[in-house]
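Commentary on secondary and tertiary structure
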Amino acid sequence: MRLLVINGSPRGSRSNSLVIANHFLSGIKAALQNDLQPEVVNLIEEHSALSDVTDRIAVTDKVLFAFPLYVDSMPGLVMELFESLYNLKGKLLEREFLFSIQCGFPETLNLRFVERYLQKLTGRLGADYGGCISRGGMEGARFLSEDSQILQRYRELGEIYGKTGKLDKDLLGKIADPERIPLAAKAIALALSPIGIFDKYWNKQLKSNGVFRRRNDRPYEE
C-alpha cells in the first residue's frame, strides 16, 4: 500500500500535526510491515512546487492530510493545496483521502464543521472518503511523552486501520473526548482565569516571538 502523508502545518517538521500523523503511521507500519510504502511531505517545504505534490497525490493509493486549525480556520497553504486538487477532478478514482485535524481549543466540537467540509471536498474531487480523526486540546502534542495515552490511541487506531482498512469508530470517539467541556469544568476555568493560570503558555510563545509587549494592540480599532 502506498500512503502519502501531507503535513499541512506551517511549523513543518516541528509541528503537532506531524507528531500525531507519525504515531498513526507507526500503527499502520506495525500492522503492514513490508507491505507499506509511506512517504511524508511537509507542505511548508514544498509550497513553491504544489504541482509536484499534486502529481504525487495522483499516483498514490491513500493520502493522509494532517493539519491544525487556527481559530477554526485551516492554514492558507492547506486551502491552496485543496483548491489545486480540482485540477485532478476525475483522476482520483480509487484514491482514498484520510484526514487528521486538531486544534488548541479543548473542545473537539470546534473541528466538526471543517470535518464536514473535508467529506464534501473528497466527494467533489471524486476520491473515496476514508474518515477524519479529530481532536481538540492538542497544541502541546509535540511535548507529550511517547507513552502518553492519547498518542497510544493514535497508534492503536493506525494499527487497526492497517489490518482492516477502516478507522475504528470507538477509538475515534475516545480520541475526540471531550467533545464538549463539562459545565463544572467551565465554571472552574472561569474562576481561575483572572489569576492568569491559563496565560503562561501563550505568554511564553509571545515572548519567544518578541511581541509580548504588543499583546494588547488593536491595530484595526478606530
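We now turn to the structure provided with this report. Everything numeric in this text was worked out from a predicted model, so none of it was measured. (Residues numbered from 1 in each chain as written. Predicted model: local features only at pLDDT ≥ 70, side-chain atom pairs only at ≥ 80, totals over all residues. Heavy atoms only, no water.)

We now examine the overall build of the protein chain. The number of helices and strands found in the protein chain is 9 helices and 5 strands. With the C-alpha coordinates aligned to their principal axes, the bounding extent of the protein chain is approximately 55 × 40 × 30 Å. With 222 residues in all, the protein chain has 41% of them scored as buried. Intrachain contacts of the protein chain at a sequence separation of at least 6 include 75% that bridge at least 24 residues. Taken as a whole, the protein chain presents about 12,700 Å² of accessible surface, with 50% of it coming from carbon and sulfur. One finds the centroid of the 30 positive side-chain charges in the protein chain at a distance of 4 Å from the centroid of its 28 negative side-chain charges. (Helix = DSSP H or I, 4+ residues; strand = E, 2+ residues; numbered from the N terminus. Buried < 20%, exposed > 50% of the residue type's maximum accessible area, 1.4 Å probe, protein only. Contact = heavy atoms within 4.5 Å. Areas by Shrake-Rupley, 256 points an atom, 1.4 Å probe, with all protein chains shown as cover. Lys, Arg positive; Asp, Glu negative; His and termini not counted. Charge placed at Lys NZ, Arg CZ, Asp CG, Glu CD.)

Right, let's talk about the sheet that holds strand β2 (residues 37-42) for a bit. The 5 strands lie next to each other as β2-β1-β3-β4-β5, forming an open sheet whose pairing is parallel. At either end of the open sheet lies a strand with only one pairing partner, and these are β2 and β5 (128-135). Strand-to-strand twist of the sheet, defined as the mean angle between neighbouring strand axes without regard to direction, takes the value 15°. Bridge analysis of strand β3 (residues 62-68) against strand β4 (residues 96-102) gives 7 bridges, and the strand direction is parallel. Paired with Phe65 across the two strands is Phe99, which belongs to β4. Contacting β3, β4 and β5, helix α6 (residues 149-164) runs over the sheet at an angle of about 165° to β5. (Pairing = 2+ DSSP bridges. Axes fitted to C-alpha atoms, helices over the stretch in contact; angles between N-to-C directions.)

Below, the discussion takes up the packing of aromatic side chains. The final tally for this structure, using the stated rule, is 7 aromatic pairs. Plain terms: the ring middles of Phe67 and Phe82 are 6.1 Å apart, the flat faces sit at 70° to each other, and that makes the pair edge-to-face. Remark: Phe82 occurs in helix α4 (residues 76-84) and Phe67 occurs in strand β3; sequence separation between them is 15 residues. Given a relative accessible area of 1%, Phe67 falls into the buried group. Overall, Phe82 belongs to the buried group, its relative accessible area being 1%. A connected cluster of aromatic rings, assembled from ring pairs, spans Phe65, Phe67, Phe82, Phe97, Phe99 and Tyr129. One Lys or Arg, Lys207, reaches over the ring of Phe212 and ends 4.8 Å from the middle of that ring. (Phe/Tyr/Trp six-rings, centres within 6.5 Å; stacked < 30°, edge-to-face > 60°. Lys NZ or Arg CZ within 6 Å of the ring centre and 35° of its normal.)

Quick look at the pattern of salt bridges now. Proximity of charged atoms lets side chains of opposite charge pair with each other. What the rule picks out here adds up to 12 salt bridges. Across the salt bridge formed by Arg56 and Glu46, the nearest N and O atoms sit 3.4 Å from each other. With Arg56 in helix α3 (residues 50-58) and Glu46 in helix α2 (residues 43-46), this residue pair connects regions lying 10 residues apart in the sequence. Between Glu115 and Arg112 there is a salt bridge whose closest N-O contact spans 2.7 Å. Here Glu115 pairs with Arg112, and both are found in helix α5 (residues 112-125), just 3 residues apart, close to one helical turn. Judged by relative accessible area, which is 22%, Arg112 ranks as partly exposed. (Salt bridge = Lys/Arg side-chain N within 4 Å of Asp/Glu carboxyl O.)

Here we take up the pairing of β3. Most of β3 is tucked away, with 7 of its 7 residues classed as buried. Here β3 shows a buried face lined by Lys62, Leu64, Ala66 and Pro68 and a second buried face lined by Val63, Phe65 and Phe67. Relative to β3, strand β1 (residues 2-7) runs parallel, the two sharing 5 bridges. Of the residues in β3, the one forming a bridge with Leu3 is Lys62.

Function-wise, these values are silent; they only describe arrangement.
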